[in-house]
Amino acid sequence: MKLSPDMWIPPIERKPEGVPKIVALGGDGIGPEVVEATLRCIEALGLPLEISRPIHGTAAVNELGNPLPDETKRTIDAADAVLFGAIDTSVGNAKAALLYLRFDLEMYANLRPVTSVDCIPSIIGGDNTNLVIVRELTEGLYPGREGQLSDLTSKWPEYRDGRGKELPKDGAFSLRVMTPEAIERIVKFGIRLAKHRKDKGYSRGHISLVHKANMLRVGDGLFVDICRKHIEESGLSYDEIYVDEAARRLVAEPQNYDVIVTSNLFGDVLSDVASEAMGGMPMVPSAAIGDTGAYFESCHGSAPDIVGTGKANPAATILSGSMMLSYLGETEAAARLIDATLGTIRSGIKTGDLGGSATTDSFTDAICERLR
Ligand code: ATP
């Protein structure tokens, strides 16, 4: 299947004024290594771009005592797009920047495309996989609305669960919030992407709504009601799948999916599963798009076990960079970046995770060579 960057991202109406401003935030672990590799490839394309690398994360904590200084926030606010590395979810200092992008700047539509690549065998089914997971990124379980059950029960003693039972006295709670505004904007984004893919002939323009409304009757009930209404109005075909069955089908028949619209946690888990149809996490890019900006990062984490070893595969971040160029209206350059990356892998130059012996640098050199 010929990969094209606009399979993964719909056209965005808002175009940068003048030279596009890109902010690079390497983050934790291998993040800085894969971001610098990506910037080298982007620079090799020779586009007029203004790239800045504001201080953040560990360096900012060490120098200024703050992982996300105000000056860095202002640089992010003024950017047309952000290229992000990774965060170490356990100890990382880069988390502040990611939380700022997601929750303060509300980059809510997380696009996680998984497309079969001819030169990389899929260990799950589906050699013709061409799907995009559209994950709601600002609510559900992830803003971390948590606490002690004793605090909740003392403030809300009359609460009863679906079976009429009181909450237990000891333990913790994690609140999963679903609002009509967030559901509406994510399903509208999914519809826009599905229509675009259909119009361009990339896919049939079908939406799979993934949820668990049989158990989460109120929260996911709201999700399904709102999504269903908008998709029916759009005239697109759709189906509804419980998340557990959706995961099974991702392994058994990923090629049957087109656009998956789902909530935060489900999208996170499903995209890790689906990544195996594209050669694993080090290959899968992502974008998070809001009404006023967007950031682009790989789906993999900070891989603390291989930091500084030269083993990091930068492909997912490079492909995220291609999505970023597409978002900025540079579709031809975005396509060249994909072709050069896959061409390099096809030629046998690949990192260890794909069975090759290239290092982060030698793999990146080979891509840059093709771009010059
Ligand atoms: P985090 O908590 O930051 O998400 P994690 O260890 O749970 O980290 P990953 O960082 O994605 O998850 O790493 C999972 C495994 O995949 C690790 O063994 C790591 O070395 C490997 N890995 C992740 N990304 C890459 C990459 N770009 N290149 C090579 N290997 C990678």
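Given the structure is predicted, the values throughout are model-derived calculations rather than measurements. (Residues numbered from 1 in each chain as written. Predicted model: local features only at pLDDT ≥ 70, side-chain atom pairs only at ≥ 80, totals over all residues. Heavy atoms only, no water.)

Peer 1: Any chance you could break down the overall build of the protein chain for me, citing the residues and the numbers?
Peer 2: Summing up its helical and strand segments, the protein chain has twelve helices and twelve strands in all. Taking 21 Å as the expected radius of gyration for a compact globule of 372 residues, we find that the protein chain reaches 21 Å, a close match to that expectation. With the principal axes as the frame, the protein chain shows a C-alpha extent of 65 × 50 × 40 Å. Among the 372 residues that make up the protein chain, the fraction classed as buried is 52%. Pairs at least 24 residues apart make up 76% of the contacts formed inside the protein chain by residues separated by at least 6 positions. For the protein chain, the separation between the mean place of its 39 positive charges and that of its 52 negative charges on side chains is 4 Å. (Helix = DSSP H or I, 4+ residues; strand = E, 2+ residues; numbered from the N terminus. Rg over C-alpha atoms; globule rule 2.2 N^0.38 Å. Buried < 20%, exposed > 50% of the residue type's maximum accessible area, 1.4 Å probe, protein only. Contact = heavy atoms within 4.5 Å. Lys, Arg positive; Asp, Glu negative; His and termini not counted. Charge placed at Lys NZ, Arg CZ, Asp CG, Glu CD.)

Peer 1: Could you give an account of the side chain of Thr115, naming the residues involved and the relevant values?
Peer 2: Take Thr115: it is sitting in strand β4 (residues 109–115). Judged by its relative accessible area of 0%, Thr115 falls in the buried class. A polar side-chain atom of Thr115 sits 2.8 Å from a polar atom in the side chain of Trp8. Among all residues touching Thr115, those that are not within four sequence positions of it are Met1, Leu3, Met7, Trp8, Thr129, Asn130 and Met278. (Polar contact = N/O pair within 3.5 Å; in protein donor to acceptor, adjacent residues only side chain to side chain.)

Peer 1: Talk me through empty space enclosed by the protein; I want residue IDs and the actual numbers.
Peer 2: Empty space among the atoms becomes visible once a probe the size of a water molecule is rolled across them. A complete count under the given rule lists one cavity of 30 Å³ or more for this structure. Classifying every residue of the lining of the largest cavity by side-chain character gives four nonpolar, three polar and two charged. (1 Å grid on protein atoms, 1.4 Å probe; cavity = no way out; pocket = protein on both sides within 12 Å on 5 of 7 lines; lining within 4 Å. Points joined across faces, edges and corners; volume = space filled by probe spheres on them. Nonpolar A, V, L, I, M, F, W, Y, C, P; charged D, E, K, R; others polar.)

Peer 1: Describe the pattern of salt bridges, with residues and values.
Peer 2: The tally for this structure, following the rule as stated, stands at 22 salt bridges. Salt-bridge contacts for Arg112 lead to Asp268; the nearest nitrogen and oxygen are separated by 3.7 Å. Here the residue Arg112 occupies a position in strand β4, and Asp268 occupies one in helix α9 (residues 264–274), the gap between them amounting to 156 residues. By relative accessible area, which is 4% here, Arg112 ends up buried. Here Asp268 falls in the partly exposed class, since its relative accessible area comes to 21%. Linking Arg197 and Asp258 is a salt bridge whose minimum nitrogen-to-oxygen distance equals 3.0 Å. Taken together, the residues span a long stretch of sequence, with Arg197 in helix α6 (residues 180–199) and Asp258 in the loop between α8 (243–252) and β10 (259–262) at a distance of 61 residues. Both residues of the pair, Arg197 and Asp258, count as buried. Salt bridges here are not isolated pairs; linked through shared partners, they connect Arg40, Asp361 and Asp365. (Salt bridge = Lys/Arg side-chain N within 4 Å of Asp/Glu carboxyl O.)

Peer 1: Break down the packing of helix α10 (residues 315–327) against helix α11 (residues 331–346) for me, with residues and values.
Peer 2: At their nearest, the axes of α10 and α11 sit 7 Å apart, and the two run at 165° to each other. Taken together, α10 and α11 sit at an angle that is classed as roughly antiparallel. When the axes of α10 and α11 are compared, the crossing they make is left-handed. Across the interface between the two elements, Ala315, Ile318, Leu319, Gly321, Ser322, Leu325 and Ser326 of α10 pack against Thr331, Ala333, Ala334, Leu337, Ile338 and Thr341 of α11. Of the residues belonging to the contact of α10 with α11, the class tally is eight nonpolar, five polar and no charged. (Axes fitted to C-alpha atoms, helices over the stretch in contact; angles between N-to-C directions. Parallel < 35°, antiparallel > 145°, perpendicular 65-115°, else oblique. Left-handed = near helix turned anticlockwise from the far one by under 90°.)

Peer 1: Any details on the pairing of strand β11 (residues 285–289)? Residues and values, ideally.
Peer 2: Each regular strand carries side chains that alternate between the two faces of the sheet. Burial runs high along β11: five of the five residues are buried. Taking every second residue as pointing to the same face, both faces of β11 are buried, with Pro285, Ala287 and Ile289 on one and Ser286 and Ala288 on the other. The pairing of β4 with β11 spans three bridges and is classified as antiparallel. Across the sheet, residue Asn110 finds its bridge partner in β11, namely Ala288. Bridging between β11 and strand β12 (residues 294–298) involves five bridges; their strand directions are antiparallel. Bridge pairing in β12 links Ala288 to Tyr295. Hairpin connection of β11 to β12: four residues between the antiparallel strands. (Pairing = 2+ DSSP bridges.)

Peer 1: So what's going on with the sheet that holds β12? Which residues, and what values?
Peer 2: Pairing is mixed across the open sheet formed by ten strands, whose spatial order is β2-β1-β3-β12-β11-β4-β5-β10-β8-β9. Taken across any chain shown, the strands that pair with only one partner, and hence form the sheet edges, are β2 (50–52) and β9 (237–242). Pairs of neighbouring strands in the sheet enclose a mean axial angle of 20°, with direction left out of account. Examined bridge by bridge, β4 and strand β5 (residues 130–136) share seven bridges and lie antiparallel to one another. In the strand pairing of β5, Leu111 is matched with Val134. Running over the sheet, helix α7 (residues 219–234) touches β8 (206–211), β9 and β10 and is turned about 170° from β8. Packing against the sheet, α9 makes contact with β4, β5, β8 and β10, and its axis sits at approximately 155° to β5.

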